[in-house]
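What follows is each chain in one-letter form.
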Amino acid sequence: MVDTAWWALGGTIAGLVAGSFLATLVIRWPEGRGLGGRSACDGCGRSLTSRDLVPVFSAILFRGKCRTCGAQIDWRHTAIETGAAIIGLVAMVVQPGLEGVAGAFFGWQLLALAALDAEHYWLPDWLTGVLALTGLVFGLVGIGVDLPSRLIGGVAGFGSLFAIAWIYRKVRGRDGMGGGDPKLLGAIGCWLGWQSLPYVLVGASLIGLCVALAFAARGRDVAATTRLPLGSLMAVAAFSFWLSSPQI
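I will try to describe carefully the structure that is included in this document. (Residues numbered from 1 in each chain as written. Predicted model: local features only at pLDDT ≥ 70, side-chain atom pairs only at ≥ 80, totals over all residues. Heavy atoms only, no water.)

Regarding unusual backbone geometry
Most peptide bonds take the trans form, and the phi angle of most residues other than glycine is negative. Keep this limit in mind: Starting at the N terminus, helices and strands are each numbered in turn, a helix being any DSSP run of H or I of at least four residues and a strand any DSSP run of E of at least two. Relative accessible area decides the class of each residue, using a 1.4 Å probe on protein chains only: under 20% of the type maximum gives buried, over 50% gives exposed, and in between gives partly exposed.
Backbone geometry places Val-56, a non-glycine residue, at a positive phi of 70°. When you line up the elements, Val-56 lands in the loop between α1 (2-28) and α2 (57-61). Residue Val-56 is classed as buried on the basis of its relative accessible area of 15%. Positive phi values are uncommon outside glycine, yet Tyr-121 reaches one of about 50°. In this fold, Tyr-121 is placed in the loop between α4 (98-120) and α5 (125-140). Residue Tyr-121 is classed as partly exposed on the basis of its relative accessible area of 36%.

Observations regarding the side chain of Thr-128
As a reminder of what qualifies: Here a residue-residue contact requires only that any non-hydrogen atoms of the pair lie within 4.5 Å.
The topology assignment puts Thr-128 in helix α5. Exposure remark for Thr-128: the relative accessible area of 4% places this residue in the buried category. Other than its neighbours up to four places away in sequence, Thr-128 contacts Leu-113, Leu-123, Lys-183, Leu-184 and Ala-187.

Structural notes on α4
Here is the rule: The length a helix should cover is 1.5 Å for every residue beyond the first.
In this model α4 runs 33 Å from its N-terminal to its C-terminal C-alpha over 23 residues, within 8% of the 33 Å that 1.5 Å per residue would give. Count one or two residues on from α4 and you reach Tyr-121, which has phi positive near 50°.

Examining the nonpolar core
The nonpolar side chains of a soluble globular protein tend to be buried, and buried together. This is how the line gets drawn: Side-chain atoms within 4.5 Å link the members of a nonpolar core, which is a set of buried Ala, Val, Leu, Ile, Met, Phe, Trp, Tyr and Cys residues.
Counting 47 residues, the largest nonpolar core has Phe-106, Leu-110 and Leu-192 as its most contacted members. Looking at this core, the elements that each hand over two or more residues are α1, α3 (75-94), α4, α5, α6 (147-172), α7 (180-192), α8 (197-217) and α9 (230-244). Among the elements that take part in this core, α4 stands out by supplying 11 residues, more than any other. Each residue touching Leu-110, except ones within four places of it in the same chain, is listed here: Leu-131, Leu-184, Ile-188, Ala-235, Ala-238 and Phe-239.

Thoughts on the pattern of salt bridges
This is how the line gets drawn: The salt bridge definition used is simple: a Lys or Arg side-chain nitrogen within 4 Å of an Asp or Glu carboxyl oxygen.
Inspection of every chain in the model, using the stated rule, returns 4 salt bridges. Here Arg-76 and Glu-119 are joined by a salt bridge, their closest N and O atoms 2.8 Å apart. One end of the pair, Arg-76, is in helix α3; the other, Glu-119, is in helix α4, and 43 residues separate them in sequence. Under the relative-accessibility criterion, Glu-119 is labelled partly exposed at 40%. Salt-bridge contacts for Asp-175 lead to Arg-169; the nearest nitrogen and oxygen are separated by 2.6 Å. Arg-169 sits in the partly exposed class, given a relative accessible area of 37%. Linked by salt bridges that have partners in common, Asp-74, Arg-76 and Glu-119 make up one network.

Some thoughts on the environment of Pro-229
By the secondary structure assignment, Pro-229 is in the loop between α8 and α9. Residues Pro-229 and Leu-123 lie 106 residues apart in sequence; the distance between their C-alpha atoms is 9.9 Å. Not counting residues up to four positions away in its chain, the partners in contact with Pro-229 are Asp-117, Ala-118 and Tyr-121.

What about the packing of α5 against α7?
Condition: Axis definition: a line fitted to C-alpha atoms, limited for helices to the stretch in contact. Angles are taken between N-to-C directions and run from 0 to 180 degrees. Throughout this description, any angle smaller than 35 degrees is read as roughly parallel, any larger than 145 degrees as roughly antiparallel, any in the 65 to 115 degree range as roughly perpendicular, and the remainder as oblique. Definitions for this section: a left-handed crossing has its near helix turned counterclockwise from the far helix by less than a right angle. A right-handed crossing has that turn clockwise.
For the pair α5 and α7, interaxial distance at closest approach is 7 Å and the crossing angle is 15°. Here α5 is positioned roughly parallel relative to α7, judged by the angle of their axes. Remark: the crossing between α5 and α7 carries left-handed chirality. Contact residues: Asp-125, Thr-128, Leu-131, Ala-132, Thr-134, Gly-135, Leu-136 and Phe-138 in α5; Lys-183, Leu-184, Ala-187, Cys-190 and Trp-191 in α7.

Describing the packing of aromatic side chains
Here the distance between the centres and the angle between the planes together describe a pair of aromatic rings. This is how the line gets drawn: Centre distance within 6.5 Å is the pairing criterion for rings of Phe, Tyr and Trp, where only the six-membered ring of Trp is used; planes under 30 degrees apart are then read as stacked, over 60 as edge-to-face, and the remainder as tilted.
Summed over all chains, the structure comprises 8 aromatic pairs. Ring geometry for Phe-138 versus Trp-191: centroids 5.2 Å apart, planes at 45°, classification tilted. With a gap of 53 residues between them, Phe-138 in helix α5 and Trp-191 in helix α7 connect regions that are remote in the sequence. For the pair Phe-138 and Trp-191, a shared accessibility class is recorded, and that class is buried. With a centroid separation of 5.5 Å and an interplanar angle of 25°, the aromatic rings of Phe-158 and Phe-162 are classed as stacked. Pair noted here: Phe-158 and Phe-162 are both in helix α6, with a separation of 4 residues, about one helical turn. According to the relative accessible area criterion, Phe-162 is partly exposed, its value standing at 46%. An aromatic cluster is defined as three or more aromatic residues linked by ring pairs; in this entry it consists of Phe-105, Phe-106, Phe-138 and Trp-191.

Shown next, in the form of structure tokens:
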């Protein structure tokens, strides 16, 4: 029990640190801004000090505002930092040890991809490529599902959604799926193995249905052409699947 508590604390702290980096990536990358250099207030341009950059706690202490000009700090920083901390905590509680470290790393990468897809309908090839590669590396060193299942999962995940997208385009004469979605499912397969793919797709579909019903309940018009970020839905479903089977 004590060991689990220490692993959970470590996962939470690591998640806060990872979330700070991920928030910077998610906010700056789509704007074409570099990830290097000193962080500064978007309102007055003041370089932020260590007091301003403690993940989550600085936002609470200063009420989400710049200490100098009072400008509101982008809420996505705190949201992503909090999400990453929760992922680290839950992963370590479910599976203390190296398997939990792998699960947290998996979840943090999915968080960044889900955030980018939800806001910009964008799944960067570089990020999905890193997700796929790290999944294969963990399989190579023997943590989780075996490497052959991961390799098959990568090919099957990409191939299945690519085929569906190709058929849809031929039949309907327009794209029904983004080009990054098959790559993301392939990367997920590189982590969870081919056996997980049906569950991830069904889970993503159910989550999407719940989102659509929630929109309808709030009075939003949900038409057949309404776009939902499939990548974000698959990311949530994939991490949920890992939580239910953390040994993989």
